[in-house]
Amino acid sequence: MQLADALDHAHKGGIVHRDLKPGNVMVTPEDRLKVLDFGLAKRMLDAESNDPHATTEDQLSRPGDLAGTPAYMAPEQLRGYPADARSDIWALGVMLHEMATGTRPFRGRTSAELASAILNDTPVPAAAGVPSGLATVIQKCLAKDPEQRYQQAAEVSAALREMTADAGNVTRPPIRLRPRRPWVLAAAAAIVLVIAMGIMFYRQRGGSPEPSMARAVIDSVAVLPLANLSGDPEQDYLVDGIHASLLGELATIKALRVISRTSVLPFKGNQKPLATVARELNANGVVEGSVTRAGDHVRVQVQLISPRGDERLLFSNTYEREIGDALRLNGDIALALAREMKVDVTSAEDGRLTRSRGYSRESYETYLRAVHSLNQMTEEGFQDALGHLHAAIDKDPANPLLYSGLAFVYSQRAHGPGDPREDFPRAKAAAQRALKLDPTLADPQHILARIKLYWEWDLKAAGEDLRRSVELNPNLAAAHADYAWWLVLARRYDEAIAEMGRAQAIDPLDPTWPTWEAWIHVWSTKNYDEGVRQARKALSLKPDFHLGWVVLGYAQASKGLYREAVESGSRGAQNPEFRFGLGLIHAIGGNQAEARRAAAELAVNPSPMDVWFLAEIYGSIGERAEAFKWLARSVEQRFSFVPWILETPSFRSLGDHPRFQEMIRKLGVPLTTES
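Worth saying up front: this structure is predicted, and the values here are computed from it rather than measured.

A.B. asks: Requested: an account of the overall build of the chain, with residues and values cited.
C.D. replies: When helices and strands are counted, the chain shows 29 helices and 11 strands. Evaluated residue by residue, the chain yields a buried proportion of 52% over its 675 residues. Residue pairs in contact within the chain that sit at least 24 positions apart in sequence constitute 62% of those at least 6 positions apart.

If you want it as structure tokens, here you go:
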């Protein structure tokens, strides 16, 4: 009753609290209840009229702004509408339910799940021991339609008093409180006094009383997959596309480390505490959110949460735009989040994020469908994406994102099921077109770099493009990893390891990057112990990562641990694509008979990967003629490993041969200068 009376007093003074929760309510030693922390409160415009439904004064200047703690926010707040007195009554209902039952009326492991429950679910039923009168009060406070709730806190107070009067003859056992110790009360009073004096001093200095002002900088963030609140699974493509786009916008801010999409995707529908998620991803901020579509309009709601302690909500807002303008919407969201995280945003980054980049609704929606297909990473998905992208280009040939998507599809096909002699030139043409339309796009710049590094062997130009791509997007993990391999060609091994470390920090759950780092240690730094450690790290992320087992065996064999190496290589060879590994391990371990037997099996209809490792196997056992035979074939096929022939331990026996020296001369390795 005291809580309802306190709210009534605030509302009559024209104040809506907007963040009523147990943490903002205190019981004094005299058993008087106090409502605290009006830092999010807003004065209602029509305070003199005592209208509890009056508009708050920030409604006009900050449309769609959300404030509060998710578990106590009313449905209208979650939808981005302004809070009024009835929103506080909802929070009061949540607290009454919690006090009566020991549990909250709506549950969810993540903010997105919790929001969905508040918007759509019925409250958890009150326990059998809760008086029916109190259950009725709670139920009315928690009506999803504000018009169906109590309209004034005084009505809640009156209902509670009436219920108490009706139950006046009921005798209940007294509540026994632990005796209060005078020194505890004195210490608590001293702490409150110090805090109060600090707030007063800060206000006198012109500071804001908002608690967020004392917040530490968040310099690493995980944006978890967005929830689809449209109630239509057919809109999943839209939700996934907006999530990918938001990540891309945030990733261009140099002062911020943004965890890559491949590492956050496993947390879709996350059931883990946010502190656990943040620890696994090594992030000190987490963003959750949802997408709702209504016709040609899309509404995106995002929340920035501190994963430490009580998972405090730091920022919440709702944005609504037409679908064709969704890309600029993501730029606005990214900029708002960066400001709330207190990271430095350069003027160039600010200008890029706020520039107008609206596309036609049909064009952008088709692009999002293509992105959704691409993310399947299957041949069927690639074909579907190509169809969407070409159809969109016919309607909107000036959209650079469409050409960037084409470049990605063709480059992936070239590395996989496609014909690199056809797909790499197509990827290059599409990437160049995208950059002509928008020179600030990092993805096509990276694709050009990869083509020059792994296919054209234009190593000098590849270095320039790689540096440009990580400059445009410092959170592009694959670009850092490719740059690491370029640095290996320049024999700048410490820098190469550092770049691979950056790839791991951005994309901490992808086993590829620690596997590649292990490979560099085995090939170049000869630090076999670190090679073993990195390979085991990759396998801890994905125990069935077959390439990781092969590289682990490679490192173990290089250390002289032949038996362990054969066991690891056998695990890798369970995938026929990596059967070459066991033959190479036998060769390094000195078992020439097994190495030759494995080579004979590889030589039957070998893949380009098999051809390269046939050269390695024969080079490792000293059969130079066979090694040159297969190495020449790798050069002819333009296999991507060829530029690293000087780094490959298996070819050291070929180093003094004129034929090998000619290969080195044509490749221009090792790189002696950075360009």
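A.B. asks: Quick rundown of the pattern of salt bridges? Include the residues and the values.
C.D. replies: The tally for this structure, following the rule as stated, stands at 35 salt bridges. Salt-bridge contacts for K629 lead to E626; the nearest nitrogen and oxygen are separated by 4.0 Å. In this pair, K629 and E626 both sit in helix α28 (residues 624–636), 3 residues apart, roughly one turn of the helix. Look at the salt bridges and you will find they share partners, linking E379, R413, E422, D423 and R426 into a network.

A.B. asks: If you had to explain the pairing of strand β10 (residues 297–305) to someone new, which residues and values would you point to?
C.D. replies: Burial runs high along β10: 7 of the 9 residues are buried. Taking the residues between adjacent antiparallel strands as the criterion, strand β9 (residues 285–294) and β10 are bridged by 2 residues, where G295 takes a positive phi near 65°. Two elements, β10 and strand β11 (residues 313–322), share 9 bridges in a ladder whose sense is antiparallel. Paired with V302 across the two strands is N317, which belongs to β11.

A.B. asks: Talk me through the side chain of R257; I want residue IDs and the actual numbers.
C.D. replies: Take R257: it is sitting in strand β8 (residues 257–258). Although buried, R257 forms no salt bridge, and the nearest oppositely charged side chain, D219, lies 5.7 Å from it. Beyond its immediate chain neighbours, meaning those up to four positions away, R257 contacts D219, S220, V221, L281, N282, N475, A505 and I506.

A.B. asks: Describe the packing of aromatic side chains, naming the residues involved and giving the relevant values.
C.D. replies: Taken as a whole and assessed by the stated rule, the structure comprises 18 aromatic pairs. For the ring pair W485 and W516, a centre distance of 6.1 Å and an interplane angle of 65° mean the geometry is edge-to-face. In this pair, W485 is assigned in helix α19 (residues 477–489) and W516 in helix α21 (residues 512–525), connecting sequence segments 31 residues apart. Against the face of Y150 rests K140, its NZ or CZ located 4.8 Å from the ring centre. Across the ring face of Y237, the terminal group of R369 is positioned such that the distance to the ring centre comes to 4.0 Å.

Reading the values: the criteria
- Residues numbered from 1 in each chain as written.
- Predicted model: local features only at pLDDT ≥ 70, side-chain atom pairs only at ≥ 80, totals over all residues.
- Heavy atoms only, no water.
- Helix = DSSP H or I, 4+ residues; strand = E, 2+ residues; numbered from the N terminus.
- Buried < 20%, exposed > 50% of the residue type's maximum accessible area, 1.4 Å probe, protein only.
- Contact = heavy atoms within 4.5 Å.
- Salt bridge = Lys/Arg side-chain N within 4 Å of Asp/Glu carboxyl O.
- Pairing = 2+ DSSP bridges.
- Lys, Arg positive; Asp, Glu negative; His and termini not counted.
- Phe/Tyr/Trp six-rings, centres within 6.5 Å; stacked < 30°, edge-to-face > 60°.
- Lys NZ or Arg CZ within 6 Å of the ring centre and 35° of its normal.

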